[in-house]
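These are the residues of each chain, in order.
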Amino acid sequence: MSEARLAELATLATVRIGPVQDPRALWGSGFFVAPGWVLTCYHVLGERLPPEGDGRLLVQGPKHRCAAKLAYRPWTEPVDGAGAGPEHDLALVRLLEDIDHPCVWLTDRSDPPGRLRLYGWRVGNGGQPRSWSGHCHSNGTDGDHGITLGSLHSIPHGASGGPVVDQDYGAVVGVVKARRRHGDGGLAIRSTALRGFARAVPVAGETALGEDPFRELMRRHDHWHGQRSAAASWARAQEELGSAEAERSWRPDDTLAALARVSALPPPADRGLVPRMIEEALGGEEIWLEEPGDWREGHGRLRERLQGRSHPAEDVVFLHYLWLVSQVHRDAAPEESEGLERFVRHRSSELGPKGRSVPDSAYLPDALRSAMAAPRAAVPGQDAAALVVELDPDHYARGRFHWRVWAWDAGVDSPRLWAEEESGEGATLEELPHRLSAPLSNAFTWTDHGSARARLEFAVPTEHFDLDVHLWRSRLVARSLRPHPADDHPFGVHRQVVLRDLHRRGAPAPEWQQRWSLTEGEQPEALPLVSLANRQLEHASAGAVPLLCRPAAQSAGPLGQVLRAGHGVVLWHRTAHHAYGCDEACERFRAETAAMLRGLSGVAVLPEEVRLLRERVSRDDARAAWAEDLALLYDDPRRPIPEPTDRVSSP
């Protein structure tokens, strides 16, 4: 009865979605993924509910009926329903009532599945919705997050959004997306696409899952499963499957118990910790197409690495990994770390002499010890993660730019060439946001860690310093910092966006390094440049931040002198008009900027202060209106942009 128990668990957690006004109408399917939360396809709801409104819907299952609302939509809109990538077609629905319901078990693995069973709802005779399921095999993958389904079963209308269950491992590995227009089979979205919900867009002011919806959703999912009794758990069904997974020394109930404790820990401060811990537990270097980024994913990758290996102490390997995880946050989260460590100790004691090979606190590799002792800086500064986008004008095709994206995950000695233009034809300013959408989005998954979003730095020649790059977003160029129904928030609202001088590539000049070292530890002070800059620059204080009340295009002379004098931090107004010289608007701009600088603890927090001002503008805060066109050059010589021919490591 193993597969029968698995089918019962999946069927009880699969729901149908429709309008509140008509309980018999069927829009599509979904499934309970955490207490109070349903996962489905965005296309099931996107055309039927207002994009930013408080649209209500009805969720119904075999034993449950509850009002709900669309709470989170994909981080970037699909181009269209058919052509969008699978990762852009997931949505989270929040129940509006507190009911007791089951939840599916989401796999922690990333490897492609094989034997599958799909669940959902369809319209039966007389128009009455009825539950449905069908068997098939996965016959391939589609991109990073797509599963192509074999031609053993047709997918009925209404099943989109239902769960895809791996029959070999007893876990949900995806979401039903679409059937083929001609012939049987279809496409499913792998559960790995959920990681993109770290940047999910809240609908109608939704805040229930905090700043990192993916991590909070998985925390609640793993915690719920950790509280289930053995008889009613997915672990029991996995044990009864009698698969190779269930027969291994690291049992399904070990996985549920371990991940319930891991879910209580903060995320890794350094993404590179997780693969290093896996390698330490396995005792050798591994090959990574994509490195795991969190503790849960690391556990799944460890299972994949052990798949097919003849390892006499598999449970010891897992306990070794979990012990290392328990040590990371002993100071920041002592109770949670101690809970995981107790689990490791208890499980080790069951192994007899074999359990003695699990390390104790006296053993910790030096590389991991130093990484754990120096987590990612929370305050923007030298060690903050950053992405640099080079925009190099084509000297022969006017108006076109060649681009290159560099990524610093942490520290100043870790530049990675993440992506670059491949066509050699360049792109216009109108095309650049579209061309950069995919590489930037992929890079952000590497450099962003929860609410700690990487700074976005645009390196351009000085003649292009007035570009409105802070208004760019994933798909289109926004019209203003103030929100518009058709626009997502531009980059400058939710992450630091600064400019850099493209001509400063390579080894930094001595005057640039010297000026930066002087400014870094000083109280910032506005240095308005109202006339020739030479004399003012000669007598500038250590904390001086040059301030221009007019666009860079109208300040070529003073701005050139500022850069030659070594200044790496400059502020200016991108759009001010000066047909007849300075006026009262200039005085107000200087006064507001000077007051802002006086309130800062140092230059290092200036990028975040500018971001906060832009966020206030987006909320229509009149007191921040003066900063709508404020531009910031923040050019750190400790992290110079590599020369195009430099050899650097690539992910």
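Notes on the structure follow. As the structure is a computational prediction, the values presented were derived from the model and not from experiment.

Definitions and cut-offs
- Residues numbered from 1 in each chain as written.
- Predicted model: local features only at pLDDT ≥ 70, side-chain atom pairs only at ≥ 80, totals over all residues.
- Heavy atoms only, no water.
- Helix = DSSP H or I, 4+ residues; strand = E, 2+ residues; numbered from the N terminus.
- Buried < 20%, exposed > 50% of the residue type's maximum accessible area, 1.4 Å probe, protein only.
- Contact = heavy atoms within 4.5 Å.
- Areas by Shrake-Rupley, 256 points an atom, 1.4 Å probe, with all protein chains shown as cover.
- Phe/Tyr/Trp six-rings, centres within 6.5 Å; stacked < 30°, edge-to-face > 60°.
- Lys NZ or Arg CZ within 6 Å of the ring centre and 35° of its normal.
- Pairing = 2+ DSSP bridges.
- Expected span 1.5 Å × (residues − 1).
- Axes fitted to C-alpha atoms, helices over the stretch in contact; angles between N-to-C directions.
- Salt bridge = Lys/Arg side-chain N within 4 Å of Asp/Glu carboxyl O.
- Parallel < 35°, antiparallel > 145°, perpendicular 65-115°, else oblique.
- Left-handed = near helix turned anticlockwise from the far one by under 90°.
- Core = buried A, V, L, I, M, F, W, Y, C linked by side-chain atoms within 4.5 Å.

### Looking at the overall build of the protein
Next, step 1: Looking only at helices and strands, the protein has 17 helices and 23 strands in total.
Next, step 2: Here the protein, with 651 residues, has 57% of them falling under the buried criterion.
Next, step 3: When contacts within the protein are restricted to residue pairs at least 6 apart in sequence, long-range pairs at least 24 apart make up 67% of them.
Next, step 4: With an accessible surface of roughly 27900 Å², the protein has 49% of that area assigned to carbon and sulfur atoms.

### Structural notes on the packing of aromatic side chains
Next, step 1: Throughout the structure, instances matching the rule amount to 7 aromatic pairs.
Next, step 2: Between tryptophan 516 and tyrosine 634, the aromatic rings sit 5.2 Å apart at their centres with planes inclined by 75 degrees, giving edge-to-face as the arrangement. Of the two residues, tryptophan 516 sits in helix α13 (residues 510-520) while tyrosine 634 sits in strand β23 (residues 630-634), which places them 118 residues apart along the sequence.
Next, step 3: By relative accessible area, which is 3% here, tyrosine 634 ends up buried.
Next, step 4: Directly above the ring of tyrosine 169 sits arginine 109, whose terminal nitrogen or CZ lies 4.3 Å from the centroid.

### Some words on the pairing of strand β5 (residues 65-73)
Next, step 1: The buried count for β5 comes to 7 of 9 residues, which makes it a mostly enclosed element.
Next, step 2: When strand β4 (residues 56-60) meets β5, the two strands line up antiparallel, connected through 5 bridges. What sits directly across from glutamine 60, in β5, is arginine 65.
Next, step 3: Between β4 and the antiparallel strand that follows it, β5, lie 4 residues.
Next, step 4: Judged from the 4 bridges that link them, β5 and strand β6 (residues 91-95) form a sheet pairing that is antiparallel. Along β6, the bridge assignment pairs alanine 68 with leucine 95.

### Section: helix α7 (residues 295-306)
Next, step 1: Taking 1.5 Å per residue as the helical rise, α7 with its 12 residues ought to reach 16 Å, and the 17 Å between its terminal C-alpha atoms agrees with that figure.
Next, step 2: Within α7, 12 of the 12 residues are buried, which leaves it mostly tucked inside the rest of the structure.
Next, step 3: Along α7, the residues classified as buried are Trp295, Arg296, Glu297, Gly298, His299, Gly300, Arg301, Leu302, Arg303, Glu304, Arg305 and Leu306.
Next, step 4: On its buried face, α7 is in contact with α3 (213-226), α5 (252-262), α6 (273-282) and α8 (314-328).

### Considering the sheet that holds strand β9 (residues 146-149)
By way of backbone hydrogen bonds, the strands of a sheet pair with one another, either parallel or antiparallel.
Next, step 1: A barrel is described by the order of its strands in space; here 6 strands give the closed sequence β7-β8-β9-β12-β11-β10, paired in antiparallel fashion. Averaged over neighbouring strand pairs, the angle between their axes works out to 40 degrees when direction is ignored.
Next, step 2: When strand β7 (residues 115-123) meets strand β8 (residues 129-142), the two strands line up antiparallel, connected through 9 bridges. Residue valine 123 lies in a different strand from β8, and its bridge partner there is proline 129.
Next, step 3: Sheet strands in contact with helix α1 (residues 2-13) are β7 and β10 (163-166), and its direction is about 40 degrees off that of β7.

### Some thoughts on the pairing of strand β2 (residues 28-34)
Next, step 1: With 7 of 7 residues buried, β2 lies mostly within the body of the structure.
Next, step 2: Where strand β1 (residues 14-18) and β2 come together, 4 bridges link them in antiparallel fashion. In the sheet register, valine 15 faces β2, and the bridge partner there is glycine 30.
Next, step 3: When β2 meets strand β3 (residues 37-40), the two strands line up antiparallel, connected through 4 bridges. Residue pairing for β3: alanine 34 is matched across the bridge by tryptophan 37.
Next, step 4: Between β2 and β3, which pair antiparallel in sequence order, lie 2 residues; one of them, glycine 36, sits at a positive phi of approximately 85 degrees.

### Some points on the pattern of salt bridges
Next, step 1: Considering all chains together, one arrives at 37 salt bridges under this definition.
Next, step 2: Where glutamate 216 meets arginine 219, a salt bridge forms, and the shortest distance between an N and an O atom there is 2.8 Å. Of this pair, glutamate 216 and arginine 219 both sit in helix α3, 3 residues apart, roughly one helical turn.
Next, step 3: Glutamate 216 sits in the buried class, given a relative accessible area of 17%.
Next, step 4: Here arginine 219 falls in the partly exposed class, since its relative accessible area comes to 31%.
Next, step 5: Where aspartate 629 meets arginine 574, a salt bridge forms, and the shortest distance between an N and an O atom there is 3.1 Å.

### A closer look at the packing of α1 against helix α4 (residues 234-241)
Next, step 1: In contact at an axis separation of 8 Å, α1 and α4 are set at 155 degrees when each is read in the N-to-C sense. In terms of orientation, α1 and α4 fall into the roughly antiparallel class. When you trace α1 past α4, the crossing you get is left-handed. Residues Ser2, Glu3, Arg5, Leu6, Leu9 and Ala10 of α1 pack against Trp234, Arg236, Ala237, Glu240 and Leu241 of α4.

### Description of the nonpolar core
Next, step 1: With 58 residues, the main nonpolar core has Trp37, Leu45, Leu57 and Val59 as its most contacted residues.
Next, step 2: Of all hydrophobic cores here, the second largest spans 38 residues; its members include Trp403, Ala419, Leu467 and Leu529.

Everything listed here is a matter of coordinates, which is why it stays silent on function.
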